[in-house]
Amino acid sequence: MEMYAQYMGKSVEDLKADIKASAGRNVKARLVLEKLIKDEKLDNIDADIDNKLSEMAKNMGKDLEEFKKTVNNDMVNQIANELLMKKLMQFLHKNNEIK
């Protein structure tokens, strides 16, 4: 960490403070997004996940049930997060004026 701080032209303490501030902003942003997803009921994505898994299975030449046996929770969570962010961005774009 000392070498990185030196490279960035900062002290280790300043670098730690920057990292802490950035982490705080990231957590706050994530909490706001999660609240918006919940409040706007954008989190009903089970059918969307199945559709995505069906698409992936088709691309691999497998039927859905066979493909689901090869999918782990991390992959399903990643798909869910991508779908949630896509729905959120669509919602924000639709309900806000872009300048």
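These notes cover the structure that comes with them. The structure presented is a predicted model; accordingly, all values stated were derived computationally and were not measured.

The rules we used
Residues numbered from 1 in each chain as written. Predicted model: local features only at pLDDT ≥ 70, side-chain atom pairs only at ≥ 80, totals over all residues. Heavy atoms only, no water. Helix = DSSP H or I, 4+ residues; strand = E, 2+ residues; numbered from the N terminus. Rg over C-alpha atoms; globule rule 2.2 N^0.38 Å. Buried < 20%, exposed > 50% of the residue type's maximum accessible area, 1.4 Å probe, protein only. Contact = heavy atoms within 4.5 Å. Areas by Shrake-Rupley, 256 points an atom, 1.4 Å probe, with all protein chains shown as cover. Lys, Arg positive; Asp, Glu negative; His and termini not counted. Charge placed at Lys NZ, Arg CZ, Asp CG, Glu CD. Salt bridge = Lys/Arg side-chain N within 4 Å of Asp/Glu carboxyl O.

Brief notes about the overall build of the protein
Piece 1. A tally of regular secondary structure across the protein gives 5 helices and 0 strands.
Piece 2. Taken from N to C terminus, the helices and strands of the protein fall in the order α-α-α-α-α.
Piece 3. For the protein, the C-alpha radius of gyration of 20 Å lies well beyond 13 Å, the compact-globule estimate for 99 residues.
Piece 4. Taken along the three principal axes of its C-alpha coordinates, the protein extends 55 × 35 × 25 Å.
Piece 5. Relative to its 99 residues, the protein shows a buried fraction of 16%.
Piece 6. Considering only contacts in the protein between residues 6 or more positions apart, those separated by 24 or more positions represent 53%.
Piece 7. Put simply, the protein shows about 8,200 Å² of open surface, and 53% of that area lies on carbon and sulfur atoms.
Piece 8. Of the charged side chains in the protein, 18 are positive and 18 negative, and the gap between their average positions amounts to 4 Å.

What about the pattern of salt bridges?
Piece 1. Applying the stated criterion across every chain yields a total of 6 salt bridges.
Piece 2. For R30, the salt bridge is made with E34, and the minimal N-O distance between the two is 3.0 Å. With R30 and E34 both in helix α2 (residues 12-39) and 4 residues apart, this pair spans about one turn of that helix.
Piece 3. A relative accessible area of 37% means that R30 is categorised as partly exposed.
Piece 4. Classification of E34 as partly exposed rests on a relative accessible area of 39%.
Piece 5. The shortest N-O distance in the salt bridge between K52 and E55 comes to 3.8 Å. Taken together, the positions of K52 and E55, both in helix α3 (residues 46-59) and 3 residues apart, correspond to about one turn of that helix.
Piece 6. Given the relative accessible area of 44%, E55 is considered partly exposed.

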